[in-house]
Amino acid sequence: SKEICVITGVGPGTGTALVRKFAERYRVAMIARKEERLQALAQEVPGAVPFVCDVADTEALYSTMDEIKKLGDPRVLIHNAVGGGMGDILTINPQHVERNFHINTMALLHLVQGFAPAMVTAGEGAILATGNTAAYRGRANFVGFAPTKAAQRIMLESAARQLGPQGVHVAYVAIDAAIDVPWTREALPEASDDFFARPEDIAAECYHVAHQ
């Protein structure tokens, strides 16, 4: 009888924390590429349902959305999947930028087009994407990443203007911090504990924004 929440990019950090938090209230449809991780999390979190999908694969994404709709029309959508990597304007492989655009921006468009109409009909719902500083500021080695996150942010700003008056809350959650996961700890060994943003705190703030 629980409402449905869709979360993409269910990795070991923010994605897993989001699933745990939103599962307190929702039946969570988890989307990620790695089946083993999803199955393990589904065993741990009651009501979490795994869907293995690469969101950059448009055909697979639409097929996955159709499967999710069999559970019910989602009340909350959180696009946490991210394509990243470093590269400068002169040397980056254009195909790398194109793939990131498919993950960060185009997948979000497909998800909104797939799930938002039912939210509009119901007169309620929430659509979020997890973002970062790169969505607001381009640095020399962020050419493969920043343009796609900036486009993602602007897309949701446009969506908010249209869907907000129809009862659907749209928000971009900018995480201006290093997230506390093993690889950031390894990259920043001198940083103190309070330098990092905890995934659980990010998930709690996303939950607050989705219901404010």
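Just above sits the structure.
Criteria and cut-off values
Residues numbered from 1 in each chain as written. Predicted model: local features only at pLDDT ≥ 70, side-chain atom pairs only at ≥ 80, totals over all residues. Heavy atoms only, no water. Buried < 20%, exposed > 50% of the residue type's maximum accessible area, 1.4 Å probe, protein only. Helix = DSSP H or I, 4+ residues; strand = E, 2+ residues; numbered from the N terminus. Arc of directions from axis to C-beta. Pairing = 2+ DSSP bridges. Axes fitted to C-alpha atoms, helices over the stretch in contact; angles between N-to-C directions. Contact = heavy atoms within 4.5 Å. Parallel < 35°, antiparallel > 145°, perpendicular 65-115°, else oblique. Left-handed = near helix turned anticlockwise from the far one by under 90°. Nonpolar A, V, L, I, M, F, W, Y, C, P; charged D, E, K, R; others polar. Right-handed = clockwise from strand over helix to strand, strands pointing away.

(A) Examining helix 2 (residues 35-44) more closely. Leu38, Leu41 and Ala42 are the residues of helix 2 that are buried. For helix 2, the arc enclosing every buried residue in end-on projection is 105°, short of the 170-degree limit, so these residues lie on one face. Exposed side chains of helix 2 directed beyond 90 degrees from the buried face belong to Glu36 and Gln43.

(B) Looking closely at the sheet that holds strand 3 (residues 48-52). Spatially, 3-2-1-4-5-6 is the arrangement adopted by the 6 strands of the open sheet, whose pairing is parallel. In this open sheet, the two edge strands, each paired with only one partner strand, are strand 3 and strand 6 (168-175). When the angles between neighbouring strand axes are averaged without regard to direction, this sheet yields 15°. One ladder, built from 5 bridges, connects strand 2 (residues 27-32) with strand 3; its direction is parallel. Note on strand 3: the bridge partner recorded for Ala32 is Val52. Sitting on the sheet, helix 5 (residues 146-163) touches strand 4 (74-79), strand 5 (125-132) and strand 6, and the angle it makes with strand 6 is about 155°. Here helix 7 (residues 199-211) sits on the sheet and contacts strand 4, strand 5 and strand 6; the angle it forms with strand 5, its principal contact strand, is near 145°.

(C) Summary view of the packing of helix 4 (residues 94-122) against helix 5. Contact geometry for helix 4 and helix 5: axes closest at 9 Å, N-to-C directions at 15°. Here helix 4 is positioned roughly parallel relative to helix 5, judged by the angle of their axes. Viewed along their axes, helix 4 and helix 5 form a crossing whose handedness is right-handed. Side by side, helix 4 and helix 5 meet where Val97, Asn100, Phe101, Asn104, Thr105, Leu108, Leu109, Val112, Ala116 and Val120 of the first sit next to Thr148, Lys149, Ala151, Gln152, Met155, Leu156 and Leu163 of the second. Across the contact of helix 4 with helix 5, the residue classes break down as 11 nonpolar, 5 polar and 1 charged.

(D) Structural detail: the pairing of strand 5. Burial analysis of strand 5 places 8 of its 8 residues in the buried class, which makes it a mostly covered element. Across the two faces of strand 5 the burial is the same, with Gly125, Ile127, Ala129 and Gly131 and Ala126, Leu128, Thr130 and Asn132 all buried. Each parallel crossover has a hand, and the one from strand 4 via helix 4 to strand 5 is right-handed. The sheet contact formed by strand 5 and strand 6 spans 8 bridges and is parallel.

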